[in-house]
Amino acid sequence: MKSENIYKSFGISDKVYELCDEAEKHIAKRSEEIDRICEYNQLKVIKAMQDSGVSEACMLETTGYGYNDIGRDKLEEVYAKIFRTEDALVRSQIICGTHALTVALSGNLRPGDEIFSPVGLPYDTIQKVIGISDTRGSLKEYGISFNYVDILPDGSFDYDGIRAALNERTKLIEIQRSRGYSDRRTFSVKEIGELISFIKGIKPDVIVMVDNCYGEYTEFTEPSEVGADMVVGSLIKNPGGGIAPVGGYIAGTSECVANAAARLSGPGLEKELGPSLGNNRLFYQGTFLAPNVTKNAMKAAIFAAAIYEKLGFEVSPHPDDVRHDIIQAITLGDADKVISFCKGIQAASAVDAFVRPEPSPMPGYDSDIIMADGCFISGSSIELSADGPLREPYTVFYQGGLTYEHGKLGILKSVQSMVDDGLIEL
Ligand SMILES: *Cc1c(COP(=O)(O)O)cnc(C)c1O
């Protein structure tokens, strides 16, 4: 076959290429459902754009204060429709997911309030925002406390522990949908809905914020449709479709979004200010493509799971599992394999393929991290990428690939890299 020959030009041996067949059978099993989710979400996005009256003028830019930016305002209307919320904040001025979560938290909390996580410790960078480890400017410095309960060893929610932890100061519940870099599983929207119902049954006035990073468009519904007051994420992950060059979103109740906006711009300024610069068209195109890009990333993740499970490594989720995010965890067991894996992914990139990634400290993270991200958008993890914190049990987290074919090439290169480095034998 012609395509097999071209893999040789990437240094992929016949033995490595032969792993594809079985992996693609796993994808075929899950394809029908993933394709249907994509179809539904694609139409949901188009409907939201049509119903908001998106026009050619929305693609233009504003500068300076950014008053009357119709493209920006309409895009926020589109997001509110997609996420079925009252309002949304979708801005170039939000740098990343951590920033979006910082704005959502600090805008909606006041001194004396408590944040509670019913699903264990949050993502590394959010621990710093909250002030779990002492960090300059953390919410802790503003008199906001934090409490959490872990999920139970069988992966279910600790309902008794949650009931006991809720108190009169509990103001905001943070639920992280995706596993992030942790060893727990990712929650489905249905499970998140059950958890929210339980908590609101005890404390109806609490604000529920879902860290939606990596989860968008992987299911038919979003957490904001099952009781979350705010969903928050990054545009250089799923919802930016690989096109948004920066940005984050907060979709939720009018009250929550206004509070967040007052923090992002300034009290009294709220959503009125904020130039879109040249990003409106990119945001619209990214939003339009996002369901499809997410589909490709999910298929690439299944491919990775199938191949690495076959090679005898612990993978999570398993190839046949129903997925609720785009992350694939592969436990490689030692630092050399993590580094070699990332080297392989990097070598498959269209940009910076000649770069050799090295482990290094990253702002917001405690252990050294090795990252493969030969990306069009710096650090974009909806593009073909892998991150491995260099700590036990040496798990690498693979995600993205704007196209399935690119994800497939990346995974084959990661295997080939470990074969070439003498770390695995086929
Ligand atoms: C990526 C991510 C974040 C935010 O990370 P940024 O790199 O700041 O965009 C937060 N939570 C989870 C679960 C994530 O995956």
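Scroll up a little and you will see the structure.
Just so it is clear, the structure is predicted and the values come from calculations on it, not from any experiment. (Residues numbered from 1 in each chain as written. Predicted model: local features only at pLDDT ≥ 70, side-chain atom pairs only at ≥ 80, totals over all residues. Heavy atoms only, no water.)

K.L.:
Looking at this structure, I do not really get the overall build of the chain. What am I missing?
P.N.:
Along the chain, the regular secondary structure elements total 12 helices and 12 strands. Since a compact globule built from 426 residues should have a radius of gyration of about 22 Å, the 21 Å found for the chain is in line with a globular shape. Based on the C-alpha atoms only, the size of the chain along its principal axes is roughly 60 × 55 × 40 Å. Taken across its 426 residues, the chain has 57% of its residues classed as buried. Here the analysis covers contacts within the chain between residues at least 6 apart in sequence; of these, 71% occur between residues at least 24 apart. (Helix = DSSP H or I, 4+ residues; strand = E, 2+ residues; numbered from the N terminus. Rg over C-alpha atoms; globule rule 2.2 N^0.38 Å. Buried < 20%, exposed > 50% of the residue type's maximum accessible area, 1.4 Å probe, protein only. Contact = heavy atoms within 4.5 Å.)

K.L.:
Any chance you could explain helix 11 (residues 335-347) here in plain terms?
P.N.:
For an α-helix the count is 3.6 residues per turn, leaving residues at separations of three or four pointing the same way. Here helix 11 is 13 residues long and its end C-alpha atoms lie 18 Å apart, about the 18 Å a rise of 1.5 Å per residue gives. For helix 11, the set of buried residues is K337, V338, I339, S340, F341, C342, G344, I345 and Q346. On the buried face of helix 11, the contacting elements are helix 10 (280-310), strand 9 (328-331), strand 10 (369-372), strand 11 (385-389), strand 12 (395-399) and helix 12 (404-420). (Expected span 1.5 Å × (residues − 1).)

K.L.:
Can you walk me through the site of the ligand in this structure?
P.N.:
Taken together, the residues surrounding the ligand are C96, G97, T98, L101, Y123, Q176, D211, C213, Y214, S234 and K237. Side-chain polar atom of D211 to a nitrogen atom of the ligand: 2.6 Å apart, as the coordinates give it. Sort the elements by how many residues they give to the shell around the ligand and helix 5 (residues 97-108) lands first, with 3 residues. For the shell around the ligand, the class distribution of residues is 5 nonpolar, 4 polar and 2 charged. (Near = heavy atom within 4 Å. Polar contact = N/O pair within 3.5 Å; in protein donor to acceptor, adjacent residues only side chain to side chain. Nonpolar A, V, L, I, M, F, W, Y, C, P; charged D, E, K, R; others polar.)

K.L.:
Just checking my understanding: could you explain the packing of aromatic side chains for this structure?
P.N.:
Working definition: an aromatic ring pair is given by the centre-to-centre distance plus the angle between the planes. Evaluation of the coordinates by the stated rule reveals 13 aromatic pairs. Judged by centre distance (6.2 Å) and plane angle (85°), the ring pair of F303 and Y404 falls under edge-to-face. Note that F303 is positioned in helix 10 and Y404 in helix 12, a separation of 101 residues in sequence. A relative accessible area of 0% places F303 in the buried class. Ring centres 6.0 Å apart and planes at 55° place the aromatic pair Y308 and F313 in the tilted group. Considered together, Y308 and F313 belong to a single accessibility category, that of buried residues. (Phe/Tyr/Trp six-rings, centres within 6.5 Å; stacked < 30°, edge-to-face > 60°.)

K.L.:
I would appreciate a short explanation of helix 10 in the present structure.
P.N.:
Helix length check: helix 10 (31 residues) gives 44 Å between terminal C-alpha atoms against 45 Å at 1.5 Å per residue, within 8%. With 23 of 31 residues buried, helix 10 lies mostly within the body of the structure.

K.L.:
Which parts of the structure should I look at to understand the environment of H324?
P.N.:
Within the secondary structure, H324 sits in the loop between strand 8 (314-316) and strand 9. The class of H324 is buried, set by a relative accessible area of 15%. Considering only alpha carbons, one finds H324 and Q42, 282 residues apart in sequence, at a separation of 17 Å. Those residues in contact with H324, other than ones at most four positions away along the chain, are R177, T186, F187, S188, G215, T218 and E219. One polar contact links H324 to E219, side chain to side chain, over a distance of 3.1 Å.

K.L.:
It is not clear to me how the sheet that holds strand 9 should be interpreted in this structure. Could you clarify?
P.N.:
The pairing of strands in a sheet happens through backbone hydrogen bonds and is either parallel or antiparallel. Pairing in this open sheet of 5 strands is antiparallel, and the strands run 8-9-12-11-10 from one edge to the other. The outermost strands of the open sheet, each flanked by one partner alone, are strand 8 and strand 10. This sheet shows a mean twist of 20° between the axes of neighbouring strands, independent of strand direction. Judged from the 3 bridges that link them, strand 11 and strand 12 form a sheet pairing that is antiparallel. Bridge assignment links A386 to a residue of strand 12, and that residue is Y398. Across the sheet, helix 10 touches strand 8, strand 9 and strand 12, and the angle it forms with strand 9 is around 15°. Strands strand 9, strand 10, strand 11 and strand 12 of the sheet are contacted by helix 11, whose axis makes an angle of about 25° with strand 10. (Pairing = 2+ DSSP bridges. Axes fitted to C-alpha atoms, helices over the stretch in contact; angles between N-to-C directions.)

Function cannot be read off these values alone, since they describe shape.
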